Amino acid sequence: MLTLAAFFASVFNPGDPQWSFWSNVLTIAFAVIGPPTVVSFIANLLSKPRKQLSYQTESDAALVDQLKDLGEDMTVTLKGGALRQPTQVDNARLIMYKIINTGLDVIRVEDFSYGGEKKLRFEFAEAKLILCAVHHTEPDKFVPADNPQDIIHVDPLTRPSTSVASSKSPIIVPRSSASKPTQSTGALTLHKHVDLDGCTFDKGDAIVFKFVTQGRVEMKIRGELLGGKIVPYAPAKPVFTVPRVLLGLLLAFVIVLGINRFGAFQQNDCAVSFTPVSISGSTAFYDTVRAQASTYHQGCPFAMLNVQSSDSGAGLAQLEQNHLDIADAELSPQEAGYHYNDLQEHQVAVIVFSIIINKKITGINSLSQDDITKIYRGQYTNWKQLKGPDLPIVRYGRPSGSGTQAAFTRYVLQKPESAAQTTVSSTQEVIDGVSSNPGAIGYVDLGSADQAGNIVSAININGVAPTPGLVKSDRYAFWAIERMYTRQGSNNPLALSFITYTTNNIHTGDTFINITDMPLSVRAQHE
């Protein structure tokens, strides 16, 4: 029987491309929708005051105007509440008035203040208030349930005799000259203000009052809300507004970029330096180092890496003279003439080289080490001696400080070259010279040879092709260990971090072999 975990694992398989696709879609959706939503809700909360009581007139309508609406043959009387007996009323109006807690905090009894007491006052511009009552509360019964009218008081000076109950509807009584009113009317008492006792308002709680006045009259709320404010009611602002959404999208962009940057920062083992790290040396390694520096900088935007090229020997000399932080070279310290006490060697990869010839040299796909030695010693001067076309041999080489030249001399030639040759200072110059001179031969790193495959031809040595597999099996010999040197005891964190990054990110391919992929026994025999 499948457990619940096993069931979900079988249904939701993260390794399934379909689930991976929808997972990415959901991630993008949350990344885009989440921050704007969070920003909008936070901004909405921050825009609300902590403690606020709002008021509004919900309706203000005439009940009846006796003279205009009824004429002389009818009259209007009110009874109930403070009216001890039915009382004739003319030009009566009914006002529905609401106060509501629109803040974020609870408003308590002690927060109310007017005249030194815990209350508020509804004050009319003129003494025209006839009756008042609590119409209803939201929610029900959050004020005294037995008699909600006890929280309001008309004209406090006469409070003992004017406790108010709910007003009733007007009574319309027909009147004629031949008859008397069926009900007597009392004197009409008009009031100027009503006090509201302080009470506890939770968020959103409201009280709706009804006032009956004689004609129109202006009313104001008097008093204070300690630690808050009393304001006219305004509709709630929309949660989502254009500025909030734009700010949220900007935040989403920053978060995603920050996550990517931080992930890359962690992955790249980034280091920060307040000065640029200068790198130079091997031209065969130049393009690779420059590409690695570019990708490192993408993940570590604060890194300053200045990559140049010269040749292996020149780079080591500049490092010794403290003009560089890193020197790239295929030369071992012994070949360069320096001591381990002066330089710190960092082996980062294996670089594979190739012999190249001009495209017009046909019929030559491979040369033996003996053939190549005789070419560079001047014993072969024409390609027809090697069963090729009748073309004079033009030799291209590198200067003595070149790591490529050192590898060629050490691992290909059986004896040092002695014939005249054209010596150029960079890999690109070798390619340019070989491609433009019929009968030319030279040597460059395999990656450069492959890139120039339409203008030069790469050939095998001893019938063995320059491939990573044949290099690792020690069948192809024209390769060298690529090194990045620092000064002994150097503690530049950015230089060391970049060397580690380069070592980890050079992948085994046509030109390079990751240093960890190269068998130690083969490396040991080659040094």
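Data block above holds the structure.
Rules used throughout
- Residues numbered from 1 in each chain as written.
- Predicted model: local features only at pLDDT ≥ 70, side-chain atom pairs only at ≥ 80, totals over all residues.
- Heavy atoms only, no water.
- Buried < 20%, exposed > 50% of the residue type's maximum accessible area, 1.4 Å probe, protein only.
- Helix = DSSP H or I, 4+ residues; strand = E, 2+ residues; numbered from the N terminus.
- Arc of directions from axis to C-beta.
- Contact = heavy atoms within 4.5 Å.
- Polar contact = N/O pair within 3.5 Å; in protein donor to acceptor, adjacent residues only side chain to side chain.
- Pairing = 2+ DSSP bridges.
- Salt bridge = Lys/Arg side-chain N within 4 Å of Asp/Glu carboxyl O.
- 1 Å grid on protein atoms, 1.4 Å probe; cavity = no way out; pocket = protein on both sides within 12 Å on 5 of 7 lines; lining within 4 Å.
- Points joined across faces, edges and corners; volume = space filled by probe spheres on them.
- Nonpolar A, V, L, I, M, F, W, Y, C, P; charged D, E, K, R; others polar.

> I'd like a rundown of helix α10 (residues 427-436), residues and numbers included.
Where α10 is concerned, the buried positions are T427, V430, I431, G433 and V434. Buried residues of α10, seen end-on, are gathered within an arc of 170 degrees and therefore sit on one face of the element. Along its buried surface, α10 packs onto β18 (343-358), β20 (394-397), β22 (440-445), α11 (446-451) and β23 (456-461).

> Mind laying out the side chain of S280, listing which residues take part and the relevant values?
Checked against the element boundaries, S280 lands in strand β15 (residues 277-281). The class for S280 is buried, based on a relative accessible area of 4%. For S280, the side chain forms a polar contact with the side chain of S310, separated by 3.4 Å.

> Residue-level account of the pairing of strand β17 (residues 326-329), with values.
Every second residue of β17 is oriented toward a common face, with I326 and D328 on one face and A327 and A329 on the other, all of them buried. Where β15 lies against β17, three bridges are found, and the strand directions are parallel. Its bridge partner being in β17, I279 is matched across the sheet by I326. Where β17 lies against strand β24 (residues 479-487), three bridges are found, and the strand directions are antiparallel. Bridge pairing links D328 to M484 in β24.

> Just give me the short version of the pattern of salt bridges, but keep the residues and values in it.
Under the definition given, this model contains 14 salt bridges. Residue R222 pairs with E123 through a salt bridge whose shortest N-O separation is 3.3 Å. Within this pair, whereas R222 is found in strand β12 (residues 219-222), its partner E123 is found in strand β6 (residues 119-124), the two being separated by 99 residues in sequence. Judged by its relative accessible area of 33%, R222 falls in the partly exposed class. For R290, the salt bridge is made with D287, and the minimal N-O distance between the two is 3.4 Å. Separated by three residues within a single helix, R290 and D287 lie in helix α5 (residues 286-299), roughly one turn from each other. On the accessibility criterion, R290 (44% relative accessible area) is partly exposed.

> Can you tell me about helix α6 (residues 312-320), naming the residues and giving the values?
Of all the residues in α6, the buried ones are S312, G313, G315, L316 and L319. When α6 is viewed along its axis, its buried side chains cluster within an angular range of 165 degrees and face the same direction. Packing partners of the buried residues in α6 comprise β15, β17, α7 (333-336), β18, α9 (403-411) and β24. Sitting at the head of α6, D311 places a side-chain oxygen 3.1 Å from the backbone nitrogen of G313. Phi turns positive, to about 70 degrees, at N322, one or two residues after α6.

> Please set out empty space enclosed by the protein residue by residue, giving values where relevant.
The full count for this structure, using the stated rule, is two cavities of 30 Å³ or more. Taken as a whole, the largest cavity encloses approximately 80 Å³ of empty space. Every residue lining the largest cavity is counted, 13 residues in all, and those nearest its centre are E330, E335, R410, Y411 and R483. Where the lining of the largest cavity is concerned, the elements lending two or more residues are α9 and β24. Examining the composition of the lining of the largest cavity, we find that five residues originate from one element, α9, more than from any other. Partitioned by chemical class, the residues of the lining of the largest cavity number five nonpolar, three polar and five charged.

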